[in-house]
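# Survey of secondary and tertiary structure
In case you want the letters, here they are:
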Amino acid sequence: MRDAQRLRAGSDARQARAERILDVTAELLQVHGYRRVTVDDVAKRAGIGKGTIYLHWRTREALLWAVLQRETGRLMDRLITELSDDAELALPHRLMTAIFLEVSHRPLVKALLLSDVEILGTLAQDEAVAAAQQELAGNKNYFEMVRDQGLLRADLGVDEAGCILDGVIRGFFAATESPEHTGLSLDERAGLLAYVLRRTLENDTPPPVRAVEALSVQVIELFRAIAASQRTEVPGAH
């Protein structure tokens, strides 16, 4: 019993230490960007030895990527909770607007979605980043679900829907950085995004309740799988 308690305590301490390292790295990454964040900086800010960090991550790149994975996993968790309370959130115009708002408050996820080289550095060219971008911006599996439930416009295919979404949502994110758009609040921009996606991706008639509920269940499972895939490579994360 005591051995088991000691092992559990050791595991908890390791997990807490990993979370602290990730917290510090996230702070430094947002302020200084990829090129200027070093393992020495992280160790100093976290109040630990440099070698301790390497007990969790073998390379600096692995550590930085773990931060991005954790942020993505947290976003997925938030969306899963909201979907569980509101099935209509699974509809393209609702879901992508929710992602737009969430990502706007998560600088590292936004950098990941937009391939921000200033923050991501060489990670922006990594295949894993491209995969994460697809997951965040409405991947093919999602639009196949929407189509199979009869909720995608009949004159649109899955690939076309993905292309439209990618261009629109990137444009809206770019607009938030443009001085001439400062007259609109974030919520107002989100409302415009919902309007555009509703008109371009969904049917004109109200969606059937059963189809929406079925889509919500599928999307929750998809997001759970995405969140799980992110956590598998984040030592000590939860």
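Analysis parameters
- Here, residues in each chain are numbered from 1, in the same order as that chain's written sequence.
- Predicted model: local features are reported for residues with pLDDT of at least 70 only, side-chain atom pairs are reported and counted for 80 or more only, and whole-chain, interface and lining totals are derived from all residues.
- Working from all heavy atoms in the structure, the side-chain values ignore hydrogens and water.
- Segments assigned H or I by DSSP are reported as helices when at least four residues long, segments assigned E as strands when at least two residues long, and all are numbered from the N terminus.
- Buried, partly exposed and exposed residues are distinguished by accessible area as a fraction of the type maximum, computed with a 1.4 Å probe on protein chains only: under 20%, between the cut-offs, and over 50%, respectively.
- Only heavy atoms matter for contacts: two residues are in contact if any of them lie within 4.5 Å across the pair.
- Using a 1.4 Å probe, accessible areas were evaluated by the Shrake-Rupley method; residue-level cover was limited to the displayed protein chains.
- Between the rings of Phe, Tyr and Trp (Trp by its six-membered ring), a pair exists once the centres lie within 6.5 Å; its type follows the angle of the planes, with under 30 degrees stacked, over 60 edge-to-face, and the other angles tilted.
- As a reminder, the over-ring test applies to NZ of lysine and CZ of arginine, requiring each to be within 6 Å of the ring centre and within 35 degrees of the ring normal.

### Comments concerning the overall build of the chain
- Scanning the chain for helices and strands turns up twelve helices and zero strands.
- Seen in sequence order, the chain has helices and strands lined up from the N terminus as α-α-α-α-α-α-α-α-α-α-α-α.
- Here the chain, with 238 residues, has 44% of them falling under the buried criterion.
- Once local pairs closer than 6 in sequence are excluded, the contacts in the chain between residues at least 24 apart make up 73%.
- Accessible area for the chain stands at about 12300 Å²; split by element, carbon and sulfur atoms hold 51% of it.

### Let's talk about the packing of aromatic side chains
- In total, this model carries three aromatic pairs according to the counting rule given.
- When the ring of Phe 100 is compared with that of Phe 172, the centres are 6.3 Å apart and the planes differ by 85°; the resulting orientation is edge-to-face. Taken together, the residues Phe 100 in helix H5 (residues 92-104) and Phe 172 in helix H10 (residues 158-176) connect sequence positions 72 residues apart. The same class applies to Phe 100 and to Phe 172, which are both buried.
- Ring geometry for Phe 100 versus Phe 173: centroids 4.9 Å apart, planes at 45°, classification tilted. Here Phe 100, found in helix H5, pairs with Phe 173, found in helix H10; they are 73 residues apart in sequence, far enough to count as distant.
- What makes Phe 100 buried here is its relative accessible area of 0%.
- Among the aromatic side chains, those forming a connected cluster through ring pairs are Phe 100, Phe 172 and Phe 173.
- The side chain of Arg 60 reaches across the aromatic face of Tyr 34, ending 4.3 Å from its centre.

Read these as layout, nothing more, since geometry by itself doesn't imply function.
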